[in-house]
Every structure is written in C-alpha cells, then in structure tokens.
4 protein chains.
Amino acid sequence: MTGEARRPHTGRRRNEAARRAILDVAVDLLGRPGDTPVTIDTIAAAAGVGKQTIYRWWPSKGAVLLEAMAEHAGTAIPVPDTGTLRGDLEAFLTATFRAAGERLTATVLRHSMAEAQRDPHAREQMRALIETRRRVLRGILERGRERGEVSAGSDLDLMVDQAYGVLWYRILTGHAPLDDAQAAELARALSAQAG
Amino acid sequence: MTGEARRPHTGRRRNEAARRAILDVAVDLLGRPGDTPVTIDTIAAAAGVGKQTIYRWWPSKGAVLLEAMAEHAGTAIPVPDTGTLRGDLEAFLTATFRAAGERLTATVLRHSMAEAQRDPHAREQMRALIETRRRVLRGILERGRERGEVSAGSDLDLMVDQAYGVLWYRILTGHAPLDDAQAAELARALSAQAG
Amino acid sequence: MTGEARRPHTGRRRNEAARRAILDVAVDLLGRPGDTPVTIDTIAAAAGVGKQTIYRWWPSKGAVLLEAMAEHAGTAIPVPDTGTLRGDLEAFLTATFRAAGERLTATVLRHSMAEAQRDPHAREQMRALIETRRRVLRGILERGRERGEVSAGSDLDLMVDQAYGVLWYRILTGHAPLDDAQAAELARALSAQAG
Amino acid sequence: MTGEARRPHTGRRRNEAARRAILDVAVDLLGRPGDTPVTIDTIAAAAGVGKQTIYRWWPSKGAVLLEAMAEHAGTAIPVPDTGTLRGDLEAFLTATFRAAGERLTATVLRHSMAEAQRDPHAREQMRALIETRRRVLRGILERGRERGEVSAGSDLDLMVDQAYGVLWYRILTGHAPLDDAQAAELARALSAQAG
DNA sequence: AAGTAAACGAGACGGTACGTCCTGTCTTCTT
DNA sequence: AAGAAGACAGGACGTACCGTCTCGTTTACTT
C-alpha cells in the first residue's frame, strides 16, 4: 500500500495536432517574404485554432515564435569527426551556414532575433538556444585542444563567437551571403588562429 | 540667366530644438531599463512635441530610432596609426568595443537592430550605417595589406565580419561582455589569422 | 418471456446534490454585491462540479439562472381569502412585495430578467413563470368579480399588469422601494379602480 | 483686459458625423429582429469608425447603447392640456404607448434595459432617463391635483409607476401588446383611482 | 503693416493587434 | 452512464500603438 503520488492527470489532454499546426504556421508566416506582419490572430486562424489555445501554452507571441524557430532550425548539425580541427570546423560550419543561409530559415532567424529584443520570454528562449549551439561548437574546439591543435592561450569562447557572430551578423544585415566558401575560409582562419 | 531655382523658402523654419529633443528623448527612452515601451506618443510627449512634427521629418518610427541611434553611437572611432596591423586593430577594436559595450549604447543598438528587421526605413539606415563602419575597419586591414602584414589570400570582408560579428552577437544575446581584453584578444587573433 | 421493456436505466443516476449545488451557487453568485461576473465556469467551480454536468441538464447559462431564480423566488405566495377583494389584494401584494423586495431576491430577479432578454431558453422560462404568477393574481380578481366587487367593464389583465408592472419596474430601475405601505396603497387603488 | 480663462481648445475637434453614425448604427443593430448580438466591433465597422473612437467618448458598450436608445426614444411626448386629468392622461399615455410599442423602439428598449442590469454606466444613464420620464407624467398628475381631480391621499409616484410599470412589463415580457385601447383604459382607471 | 506660407502643439481619427474572458463542446479518467 | 477536470474553437472585450488628419497659433519671408 505504498504508492501515494496520485492524480496522474484529469481532463482532456493537450492537443498535439494543434501544437504542431501552430508552430508550423508560425514558421510559415515568419518565413514569408515581404514585411508580412505575423499576428497571433493570423496564426490562430491559419492553424484552425482559438487564440486561447495559443495563450494557454505560451506566455506571449514572442515565445511562440521562438519555439517555432527552435523547432525549425533545430535539425541538429551532426558533430563531425574528421580527425583534424580544420576538417571538423569546415564540416560543421559548412553544414551550419548551409542550413542558416537557406532563405526561409534566414528570414525566420532574423525575425526571431528581433522578437527576442522586445519580448522577455522570447529573449530567454533565445538565450537558451544560443547557449546550446555555442556549446556544440565549443566542444569541437575543445577536442582540437585535446589533440594539441589549439594553443593554450586561445580564447575558445571568442572563437565560437567569431563563427556565430559572422553568421548572425550576415543574417541580420544581409550585406553578404552565407555560403560554403565562406564557411571553408572561416574554418581555415579559425584553425590557423588557434594554432 | 535668370536662373530658375527660385522660391528659396517661405514660412516658418524647422525647429532645431524640437529635432534635438526628439532624438535625445528617443535614446533616453530606448535606454531605460525594464521593458519601457518606446512609442511615438511617448517620444512626442516626452519631447514636448506634436506627433506630426515627428512624422513631418521622419517617415516612420524606426527611422527616428535609427537616426537617434546613429547620432548617439556616432562618435567616430578615430582611425589609429600605430604602424602595425595588430596595433591598429587593437586600438580600433578597443575603442569600438568600449563604446558599444557601454550599457546605454548597447541597449540602443539592440533595439535599433530589432527595429531594422521590421521597418524598411530603419533597415535602409541600418544598412548604410553598417556599411560605413565596415569600410573603416576594412581600410585598416587594407593598409596592413599594403604593408605586407596580410597575406594575399585573406578575405578582408570576412575578417571585418568576424570583428563586428562578435560585437553584434554579444550585444544582441548578452551572453558575454564586450571589454578591452576581448578586443585585444580579437586583434591578436585577426592579425595572426592574416599573416 | 420476461417481456422486453428491460434495462430501465443503466449507469450512474443524476446526482441530485450536484443539481442543488448548482442552483444554490447560481443564486448566491447572482446576489453578490459589486458586479461579480456570473459565468458558467464560476458556477461550476463554486459548486464543485464539472461544466459538462451543467450543460448536460440545462441548455444554456440563462436556463440555469432562470431555474435558480424560479426556485429561489418560488415560495408560493398563499392565495388569501379575506372575504373582500381589497383584503385579498392587500394580503397577496404585501406578501409578494415583501418577497420580491428582499435584496437578494430583487438582485436575482433583475439579472434573470436581463438574461431573459438575450437567451431564448431563459426567455421561455421567464414567460412561463410570469404567466403562472399572473394567473394567480388574476384568480383573485376573478373571485372579486364573482362577488360583485369588480365592475363588468374592468380589464383584469391590465389590473394584473399594473400590479406586477410596479413590482418589476421598481426592481429593474431601483428608483423606489417595494414595501408593505406600497402594497397596501396599490391594493386600495386597484380595488377602488375595480368598483 | 479682464478675461483670463483661456485655452478654449486645442487639437482636432470631435467628429460629429462619427458620433451620429455610431448612435444610429447602434439603434439599427439593437432593433434587428432575432438575437443578433450587438458588438462594439460590429458597431465600429458598420459606422466606419475605429473602436477607439467609441471608447474615447463612451466608457463602455452599455453606455453607447443607452445613449443611442435615449436619442432614439427621445422624441419628447408633448405634454397635453385637455382640461381634464383623464383627457391629459389618455393623450399622454396613448402617445407614449404608441411610441414605445413600435416594434423597433420596443426592441431597443428591451435590450437597453437588459444592458442596464449588467453595465453600471448604462444603469446610471437608464436611471436618469427613467427619472426624466417619470417627472413629466408626475407633472400631469400634479396639475390634476391642482384642479381638484386628484384626492389628497393619492400616491402620485405609485400612479406614475403603475403606468410606466405596465409599459415596461409588457415590453420586457411581451405577453400583451401596447396599444391605444390599453392606453385609454389605463387612463380611465388611473383617473378613477385618483378621484 | 498686411499678406501668405509653412511649422508647430494638441489631440481626434481609422485601423490593426494585443492579451483576457466567456460560451458551449469535446475528451479523458474515475465512480 | 454520469461525473470532475480541463482543453478546445470561436468570438467579444477594452487597451495600445501607428500613421494621418484637423485645429488654432506662431514664426518667417514677401509684398
């Protein structure tokens, strides 16, 4: 007669289909070219969902957008293992730039970062997502250090920021594209800088 | 030779004091802690100005914010001439990071970049401002190349983006500060990468 | 050959306690001072009942309110028999005004009448209730007519409406109280008018 | 050089056309048969007006509705002077019943009274309107008293309520019509009661 | 000095989105 | 079955902000 932590749940359960529809629609609207404003009403209507269903699960519009972005951009970039720092960096950055440079994704990222500047909830989610991503790249650099490819004095965090900085800076300002060549050159530069 | 460009001007002239008040108030409100909403009404009221006076001279809210930001962050970083690339970079980046890292300025930059993502006018102004800044840093690198401190194959634009990328990335996400040490390390890294 | 009319009922039977709780809570909430919103959620929560239990037995919110009102105000006013029309009227109207004039009851009546204007179900129930009440008063008048106390030309329905009209008019607008003195005076007036 | 109470007004003035459109549309929607819900959005849209323009001038939906009703039902019933109480009452009540009994007006009155039960602003306006109307009828009775047609002991307020009570009671419950015959009979009854 | 043109502070306007609230229905597990 | 719990679609509420449009006033240049 042990068990005591009862009340597993009562009442209707969250509708997963609605959740999916909301996030999918959000990405879709966010990625639309032109300055289409992405509204909660618009999202709700397009997802065939009541507004309250959105606000029941997310604290604000920004939170929805950020989660949608995280799911969309969430395809984990596989951590490569080519044996050399430069190879690993090139593989990782090429995949990353390729994913982020894709028009739809880039648009989504742009607006998500903007949203994160005004909505505290979005800001928090952005911080978490950024942190996750930085950790992966930092892991690659640490492995390089273990192999002796990175000098002791190197500031790994700065290197990570140089890479992601280029990515975000270009996405936000649009002054230059993100392509494989850029990724390769950046990999070369960073591994040289490290040695 | 009567000329034609007549009608020099008639009526009241633009009130410079109002212009100043508007831009100053914009920066002030933008920099306020806690998510103070910066609206045109708020700006107009705080500047003791009618809304129409704002819209008479700027096409949109974003345009006001961007101009305010440009004026605030506009203290030109002097182009140093230390004789070496590393010295120049360190001087320039230190001054730049110091200016941008200041709390008020960083907040203004954050929100301006966000505004630039939705307001086409702001976007255009941001692009121009970014371009101006990039050109200065690129000039420093070019001078280094002329001195033979930068290898022929270096992608100067990418180097510029690595520097400004770090700056914006940190301002926007706030995961790490912008200080002199970071600037120095970045200068070291970039000059090493260049050689 | 047990016949066929089997299965008289299966499953759980209607919970009378829940019914009572719902109606009691409805009256209680309706009578609360300060514009407490009386919603289905509020009623369900306060009655410790699921919303569906309400909608299983009543077609709409208005129907619940009206039934609650009918039960609350339902204490049948005894039909008096004093021997004279004026005596009967005075007894009846005094009891009626006393009941309806009570603060809680008046508030419940007010809101029920309002609800009856928008909810068709409530409207129907209100009509039935009104009809029942009118019939009682009309009966008193008819008995007076049989006794020769009411002239042939008198419009009994109009007299009934004069009495209930005063009651509802005062409850709805609150410009004057419903008390024994008013009831007595009205009884006097109506019996004079009838003669 | 006396005058000092300056600043007559500054800024754009209230748009009278918008005010008219709002009130007209409100009456129109309120009077629609069937249980068409009357929404602020609907009113705004039909009047070609922004919602804020409504909320700038009225504190709530109910207040708009009540003012619309007051304007619509506001055609002052002329105070008759036939020389006798019964004549005056008959003239006044006939005109009043005829106006209030008209389908559109009756519907508007019904819903306004309902609104007055939940919206405090509407309630206040209703009270004022009711008071104004009662005063007029009371004036007629007072004149009758001066002529000696009303006995000293008569409760004039009660008589007023008997008349308006019948009117509202029938409008709200719809169990009997308001027509000239009813008005005449009521006039006869009240003047008899008074004597 | 009178006339004319533009800029100004004030503030109402149409429109659009926000986030909350409520209704009546549907779903899940329990009694 | 009926019940408690609670999620759902739909839709109205009242607020906030944007960019535009009057008002009446003030400041400058032109006759």
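All values derive from a computational prediction rather than experimental measurement.

What follows concerns the domain arrangement of chain A. All names here are of chain A. What the domain assignment reports for chain A is domain 1 (16-59) and domain 2 (72-194). Look at where the C-alpha atoms of domain 1 and domain 2 centre, and you get two points 28 Å apart. On the domain 2 side, the residues contacting the six residues of domain 1 number eight residues. Carbon and sulfur atoms supply 69% of the area that domain 1 and domain 2 bury against each other, a total of about 620 Å² over both sides. Linking domain 1 to domain 2 there are one residue pair in polar contact (both at pLDDT 80 or more). For the side of domain 1 that touches domain 2, the per-class residue count stands at four nonpolar, one polar and one charged.

Moving on: the UniProt feature "domain: HTH tetR-type" (unreviewed entry) in chain A. Within this numbering scheme, the UniProt entry marks residues 16-76 of chain A as carrying the feature "domain: HTH tetR-type" (unreviewed entry). Each end of residues 16-76 of chain A is marked by a C-alpha atom, and these two atoms are 22 Å apart; helix forms 70% of the span and strand 0%.

Moving on, we get to the packing of aromatic side chains. Ring pairs (aromatic) are described by centroid distance and by the angle formed between their planes. One pass over the structure, following the stated rule, counts four aromatic pairs over all chains. An angle of 35 degrees between the planes, with centres 6.3 Å apart, marks the rings of tyrosine 164 of chain A and tyrosine 169 of chain B as tilted. One end of the pair, tyrosine 164 of chain A, is in helix H8 (residues 156-173); the other, tyrosine 169 of chain B, is in helix H8 (residues 156-173), on a second chain. Tyrosine 164 of chain A gets classed as buried once you look at its relative accessible area, which sits at 7%. You can call tyrosine 169 of chain B buried: its relative accessible area is 2%. Over the aromatic face of tryptophan 58 of chain A sits the side chain of arginine 14 of chain A, whose NZ or CZ is 5.2 Å from the ring centroid.

Now for the environment of alanine 17 of chain D. Considering the arrangement of structural elements, one finds alanine 17 of chain D in helix H1 (residues 16-30). Sequence separation between alanine 17 of chain D and alanine 47 of chain D is 30 residues; the distance between their C-alpha atoms is 9.7 Å.

The interface of chain B with chain A comprises 37 residues on the first partner and 36 residues on the second. Each partner contributes to the roughly 3500 Å² buried at the junction of chain B and chain A, and carbon and sulfur atoms together form 53% of this total. Interface area lost by chain B to chain A is led by Gln117, Arg118 and Tyr169 of chain B, which between them contribute 20%. Taken together, chain B and chain A are joined by four salt bridges. Arginine 118 of chain B is the partner of glutamate 115 of chain A in a salt bridge, and the nearest nitrogen-oxygen pair spans 3.2 Å. The interface formed by chain B and chain A holds 15 residue pairs in polar contact (both at pLDDT 80 or more) in total. Here the side of chain B that touches chain A gets 12 residues from one element, more than from any other, and that element is H8 of chain B. Partitioned by chemical class, the residues of the side of chain B that touches chain A number 13 nonpolar, 11 polar and 13 charged.

Quick look at the relation of the copies chain C and chain D now. Between the two copies of the chain lies a relationship made up of a rotation around an axis and a movement along it. With an RMSD of 0.3 Å, chain C superimposes on chain D once it is rotated by 179 degrees and translated 0.0 Å along the axis. The relationship between the two copies is best expressed as a two-fold rotation axis. Looking at chain C, 100% of its interface residues are interface residues in chain D too, so the copies touch through the same face.

Our next topic: the protein's contact with DNA strand F. Near DNA strand F, the surroundings consist of 52 residues, among which Gly11 of chain A, Arg13 and Gln52 of chain B together with Arg13 and Tyr55 of chain D are the closest. Protein-proximal atoms of DNA strand F, defined as those within 4 Å of the protein, fall in sugar or phosphate at a share of 70%. Within the backbone of glycine 48 of chain A, one N or O atom sits 3.3 Å away from a phosphate oxygen of DNA strand F. Taking lysine 61 of chain B, its side chain carries an N or O atom lying 3.0 Å from a phosphate oxygen of DNA strand F. Breaking the surface near DNA strand F down by element, the ones donating at least two residues are helix H3 (51-57) of chain A, helix H2 (40-47) and helix H3 (51-57) of chain B, helix H3 (51-57) of chain C together with helix H2 (40-47) and helix H3 (51-57) of chain D. Across the surface near DNA strand F, the residue classes tally to 10 nonpolar, 21 polar and 21 charged.

What follows is about the UniProt feature "DNA-binding region" (unreviewed entry) in chain A. On the UniProt side, "DNA-binding region" (unreviewed entry) is annotated at positions that read residues 39-58 of chain A here. For residues 39-58 of chain A, the end-to-end C-alpha separation is 14 Å, with 75% helix and 0% strand making up the annotated structure.

Moving on, we get to the packing of helix H4 (residues 61-72) of chain D against helix H6 (residues 103-118) of chain D. Residue and element names in this part refer to chain D. Remark: H4 packs on H6, axes separated minimally by 10 Å, with the N-to-C direction vectors making an angle of 145 degrees. For the pair H4 and H6, the sense of crossing is left-handed. Contact with H4, carried on its side by Lys61, Gly62, Leu65, Leu66, Met69 and His72, involves Leu104, Thr105, Val108, Leu109, Ser112 and Glu115 of H6 and no other residues of that element. A class-by-class count of the residues in the contact of H4 with H6 yields six nonpolar, four polar and two charged.

Cut-offs used in this document
- Residues numbered from 1 in each chain as written.
- Chains lettered and ligands numbered in written order.
- Predicted model: local features only at pLDDT ≥ 70, side-chain atom pairs only at ≥ 80, totals over all residues.
- Heavy atoms only, no water.
- Domains from an automatic or database assignment.
- Contact = heavy atoms within 4.5 Å.
- Buried area = accessible area lost by both parts, 1.4 Å probe.
- Polar contact = N/O pair within 3.5 Å; in protein donor to acceptor, adjacent residues only side chain to side chain.
- Nonpolar A, V, L, I, M, F, W, Y, C, P; charged D, E, K, R; others polar.
- UniProt positions renumbered as here; feature names shortened; annotations may be inferred.
- Helix = DSSP H or I, 4+ residues; strand = E, 2+ residues; numbered from the N terminus.
- Phe/Tyr/Trp six-rings, centres within 6.5 Å; stacked < 30°, edge-to-face > 60°.
- Buried < 20%, exposed > 50% of the residue type's maximum accessible area, 1.4 Å probe, protein only.
- Lys NZ or Arg CZ within 6 Å of the ring centre and 35° of its normal.
- Salt bridge = Lys/Arg side-chain N within 4 Å of Asp/Glu carboxyl O.
- Least-squares fit on C-alpha atoms with pLDDT ≥ 70 in both.
- Near = heavy atom within 4 Å.
- Axes fitted to C-alpha atoms, helices over the stretch in contact; angles between N-to-C directions.
- Left-handed = near helix turned anticlockwise from the far one by under 90°.

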